[in-house]
Amino acid sequence: MTKETVPGGTPDQSTLRSASLKVAVRISAACAVMVVCLLAVAAVYLMNKLAHPELPPAAAAGTYAYLDSRDLLEAMIIAGVAGIALAGLVGWLSARSAIRPLGEALALQRRFVQDASHELRTPLAILDTRIQLAQRDAAPDSQPGRNLARIREDAATLTGIVNELLLAATAAAPDPGAEPVELADVAASVAESLQQLASANGVRLDFAALGRPQARIEQNALRRAVLALADNALAHTPPGGRITISTGAEQDRAVITVADTGTGISGVEQDRIFERFVRTPNADGARSQRSFGIGLSLVREIAMAAGGTVEVARTGAEGTVMKIVLPAAGR
């Protein structure tokens, strides 16, 4: 039986349906009780008016009691005030009941990320140690030595990601006093890491340091952002194309630029490509689409966390140029 034919759906969907049904029943029951209470209050008030009518002396000997518009207005005001108070109480209780499962799910997710991040740190430390042992048997300027150095750098990047996950799971705020990072060093490292992959795809990958600005940002986070932009450019640049990663300064801003000679971005607003899993139709129809996954969304989050932005500087038939712009830091 496939997933679509399962009567109850996934366990998460079943849980959500059960929780929503429970909240709906509680709200319906509370509203019914509220209506009955309001009707009872209004009836008691009107009955009291009928039992003790305030008649003028000339009509005191009459047989009938009556209600005027003032009595009805007072009853409506009393019922309205009571309805507002009860509606607020019902809304508060319902919201509290509805949010409780979300809080439990968030706590469970945070605990899982903490546990997973903590458990991954040990094997990563062991991996780094073994790489260092292997480096002792290889000359640093040899091909195996250079490959081991790149592998150790990639392992260090992965360790940094795990540490960031652990900090995020513990709700720790980022350090505002981070040391300035040389953007050219990070960009050059990314270009070197992707050289073999670019060559295998028949794409030329260059790096140009038009300036060597610095920015206060976590180095591993910046590396992941530049790597995501370069990887996106590599995925959409045909064989024989070219990708250029460059650094520079614009007034008081530090800039990293990733330019490619791909087909450009069309069929979607440029700002939307930084949303998660956005898809754009290609020229041959909606069935053939270009997907941006979550890489560009993470780039925007990293840039914004450092007080910067990421933008599409230019796109078209000649290719696409993307820029990470960060506040420059003094040396």
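Refer to the preceding data block for the structure.
Our subject in this report is the structure included herewith.

For the protein chain, the count of helices and strands is seven helices and nine strands. Considering the protein chain as a whole, with its 331 residues, one finds that 30% of them fall into the buried category. For the protein chain, long-range pairs separated by at least 24 residues make up 67% of all intrachain contacts whose partners lie at least 6 apart in sequence.

A few words now on the nonpolar core. For soluble globular proteins, nonpolar side chains are generally found buried alongside one another. Counting 38 residues, the largest nonpolar core has Leu222, Ile245 and Ile324 as the members making the most contacts within it. Only α4 (183-193), α6 (219-235), β4 (242-250), β5 (253-260), α7 (295-305), β8 (309-316) and β9 (319-327) provide two or more residues apiece to this core. Per-element tally for this core: the top contributor is α6, with nine residues. Contact partners of Ile245, with chain neighbours within four places excluded, come to Ala187, Val190, Ala191, Leu205, Asp206, Phe207, Ala208, Val226, Ala230, Ile256, Thr257 and Val258.

Before going further, it helps to spend a moment on the packing of α6 against α7. Contact pair α6 / α7: the axes reach a minimum separation of 9 Å and the direction vectors enclose 145 degrees. The element α6 and its partner α7 pack so that their crossing is left-handed. Counted together, Ala221, Leu222, Arg224, Ala225, Ala228, Leu229 and Asn232 of α6 and Gly295, Leu296, Val299 and Ile302 of α7 form the full contact between these two elements. Among the residues forming the contact of α6 with α7, the class breakdown is eight nonpolar, two polar and one charged.

So, about the sheet that holds β8. Backbone hydrogen bonds hold the strands of a sheet together, and the pairing may be parallel or antiparallel. One open sheet holds the five strands; their spatial order is β2-β4-β5-β9-β8, and the pairing between them is mixed. Edge positions in the open sheet fall to β2 (204-209) and β8, since each of these has one partner strand only. Between one strand and the next, the sheet's axes are offset by a mean angle of 15 degrees, whatever the strand orientation.

What follows concerns the packing of α4 against α6. The N-to-C vectors of α4 and α6 enclose an angle of 50 degrees; their axes lie 9 Å apart at closest approach. For the element pair α4 / α6, the angle class is oblique. For the element pair α4 and α6, the recorded crossing hand is right-handed. The residues of α6 that touch α4, namely those facing Leu183, Val186, Ala187, Ser189, Val190 and Ser193, are Gln219, Leu222, Arg223, Val226, Leu227 and Ala230. Of the residues belonging to the contact of α4 with α6, the class tally is eight nonpolar, three polar and one charged.

This paragraph deals with the pattern of salt bridges. Between side chains of opposite charge, pairing is possible as soon as their charged atoms come close. A complete count under the given rule lists nine salt bridges for this structure. A salt bridge links Arg212 to Glu182; the nearest nitrogen and oxygen atoms lie 3.4 Å apart. With Arg212 in the loop between β2 and β3 (214-216) and Glu182 in strand β1 (residues 180-182), the pair connects residues that are 30 residues apart, well separated along the chain. By relative accessible area, Glu182 is classed as buried at 15%. Where salt bridges share partners, they join Glu153, Asp154 and Arg223 into one cluster.

A contiguous patch of positive charge, built from Lys22, Arg26, Arg96 and Arg100, is present on the exposed surface. Mapped onto the positive patch, the elements with two or more residues apiece are α1 (11-51) and α2 (69-136).

With respect to the secondary-structure elements, Ala259 resides in strand β5. The spatial distance from the C-alpha of Ala259 to the C-alpha of Ala313 is 9.4 Å, given a sequence separation of 54 residues. The residues contacting Ala259, other than those within four sequence positions of it, are Arg242, Ile243, Thr244, Thr320 and Val321.

Criteria and cut-off values
- Along each chain, residue indices are assigned from 1 in the same order as the chain's sequence is written.
- Only residues with pLDDT of at least 70 are given local features in this predicted model, and only at 80 or more are side-chain atom pairs given and counted; all residues enter the totals for whole chains, interfaces and linings.
- Think of the side-chain values as coming from all heavy atoms in the structure, minus any hydrogens and water.
- To qualify as a helix, a DSSP run of H or I must reach at least 4 residues; to qualify as a strand, a run of E must reach at least 2; elements of each kind are numbered from the N terminus.
- Each residue's exposure class comes from its accessible area (1.4 Å probe, protein chains only) as a fraction of the maximum for that residue type: buried when under 20%, exposed when over 50%, partly exposed otherwise.
- The criterion used for residue contact is that any of the two residues' heavy atoms lie within 4.5 Å.
- Nonpolar core, defined: a set of buried Ala, Val, Leu, Ile, Met, Phe, Trp, Tyr and Cys residues in which side-chain atoms within 4.5 Å join the residues together.
- With axes taken as lines fitted to C-alpha atoms, and helix axes fitted only over the stretch in contact, angles between N-to-C directions fall between 0 and 180 degrees.
- Each crossing gets its handedness from the near helix: less than a right angle anticlockwise from the far helix is left-handed, clockwise is right-handed.
- Under this grouping Gly is polar, as are all residues other than the nonpolar Ala, Val, Leu, Ile, Met, Phe, Trp, Tyr, Cys and Pro and the charged Asp, Glu, Lys and Arg.
- Strands are treated as partners if at least two bridges between them are detected by DSSP.
- Put simply, angles under 35 degrees are roughly parallel, angles over 145 are roughly antiparallel, angles from 65 to 115 are roughly perpendicular, and the rest are oblique.
- The rule for a salt bridge is simple: a side-chain nitrogen of Lys or Arg has to be within 4 Å of a carboxyl oxygen of Asp or Glu.
- Patch members must show over 30% relative accessible area and no salt bridge, and they are joined within 9 Å when carrying like charges or within 5 Å when they are nonpolar side chains of Val, Leu, Ile, Met, Phe, Trp or Tyr.
- Only the protein chains shown count as cover for residues, and all accessible areas are computed by the Shrake-Rupley method using a 1.4 Å probe.
- A positive count includes Lys and Arg, and a negative count includes Asp and Glu. His and the chain ends are not counted in either.
- All charge positions are set by atom: Lys at NZ, Arg at CZ, Asp at CG, Glu at CD.

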